[in-house]
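# Close look at the chain arrangement
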Amino acid sequence: MLTTVLIDVDNTLLDFNECVKETIGVMFKRHKLENSEAVFPVFKEVNDMLWLKIEAGELDRQGLYKVRWKMIFERLGIDKDGPSFENEFRLAFSESKQIVAGAYELLEYLSKKYTVCVASNASAWQQNKRLRNSDMMKYISHLFISEELGAPKPKKEFFDKCLERLGNIPKEEVVLIGDSLSADISGGVAYGIKTIWFNYDKAPVTDDIKADIIVDSLAEIKNYI
């Protein structure tokens, strides 16, 4: 019997892509840079690559902060100090709160039936602020953030710490909901907990995706748990 939901934040509850686009617009206007159509795709490519390194244990978030905008500016041919811009960018991003469609309704539904816990690899202060700004914290019992647990999703140690802080509940009582096949679904499957893949990007569904349940919208999740 399920008692506990672990749920990701970015591109699951809060729309990371739209938050980034808005923040890029704010920052590029502030620094009088041209926000061309190429900027967000380059950001996404660099950011995704660096986060895969974090999930593999090859990089930490501080390392990402040092190189992310440096790499982006180099690829865009912009002469700008990357680490300095990064610091401003993260502060501006912490104010973003664009919501994924159906997120409030899902959290309200889940919180009436289960213990709802955030499971995220992002910055603790940033996620805390964004969730409070978006009025989601009233539905959430625990924030499990990798920097505080000492290991990132999808590592076994991350999930060990989550369940330990929940009183060593059985794995059979837990379901993980998230958009990332590498961090959420692969991690949850390897750990032995039920998984729900929210196909945020509407990617092709192939036989090698091992999620227990696959949904294209958050509203569908109510049909399964």
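The structure we're discussing is the one just above.
All figures in this text were calculated on a predicted structure; none of them were measured in a lab. (Residues numbered from 1 in each chain as written. Predicted model: local features only at pLDDT ≥ 70, side-chain atom pairs only at ≥ 80, totals over all residues. Heavy atoms only, no water.)

With parallel pairing, the six strands of this open sheet are ordered in space as S3-S2-S1-S4-S5-S6. This sheet does not close on itself; its edge strands, each paired only once, are strand S3 (142–145) and strand S6 (213–215). Averaged over all neighbouring strand pairs, the angle between strand axes comes to 20°, with direction disregarded. Note that strand S5 (residues 194–198) and S6 share three bridges and pair parallel. Looking at the pairing, tryptophan 197 lines up with isoleucine 214 of S6. Its contacts with the sheet place helix H6 (residues 124–133) against strand S2 (115–120) and S3, and it is angled at close to 145° to S3. Sitting on the sheet, helix H9 (residues 181–191) touches strand S4 (174–178) and S5, and the angle it makes with S5 is about 160°. (Pairing = 2+ DSSP bridges. Helix = DSSP H or I, 4+ residues; strand = E, 2+ residues; numbered from the N terminus. Axes fitted to C-alpha atoms, helices over the stretch in contact; angles between N-to-C directions. Contact = heavy atoms within 4.5 Å.)

Turning our eyes to something else, we now look at the pattern of salt bridges. Oppositely charged side chains are able to pair whenever their charged atoms sit close together. Summed over the entire model, instances satisfying the criterion amount to 16 salt bridges. We note a salt bridge from aspartate 48 to lysine 44, for which the minimum N-O separation is 2.9 Å. Of this pair, aspartate 48 and lysine 44 both sit in helix H2 (residues 39–55), four residues apart, which is roughly one turn of that helix. With a closest N to O distance of 3.3 Å, arginine 90 and glutamate 86 form a salt bridge. A residue pair is termed a helical-turn pair when its members lie 3 or 4 positions apart in one helix, as arginine 90 and glutamate 86 do in helix H4 (residues 82–93) at four residues. If you follow the salt bridges from partner to partner, you end up with Asp8, Lys153 and Asp184 in one network. (Salt bridge = Lys/Arg side-chain N within 4 Å of Asp/Glu carboxyl O.)

Here H9 has its buried residues at Ala183, Asp184, Ile185, Gly187, Gly188 and Tyr191. Buried residues in H9, looked at end-on, bunch into an arc of 165°, giving them a common side. In the stretch just after H9, glycine 192 is the one whose phi turns positive, near 95°. (Buried < 20%, exposed > 50% of the residue type's maximum accessible area, 1.4 Å probe, protein only. Arc of directions from axis to C-beta.)

A word on unusual backbone geometry. That bond from lysine 153 to proline 154 is cis: its omega, 15°, falls within 30 degrees of zero. Within the secondary structure layout, proline 154 lies in the loop between helix H7 (146–149) and helix H8 (156–165). Of note, asparagine 168 is a non-glycine position whose phi angle comes to about 55°, a positive value. Relative to the helices and strands, asparagine 168 resides in the loop between H8 and S4. Positive phi values are uncommon outside glycine, yet lysine 202 reaches one of about 55°. Along the chain, the position of lysine 202 falls in the loop between S5 and S6.

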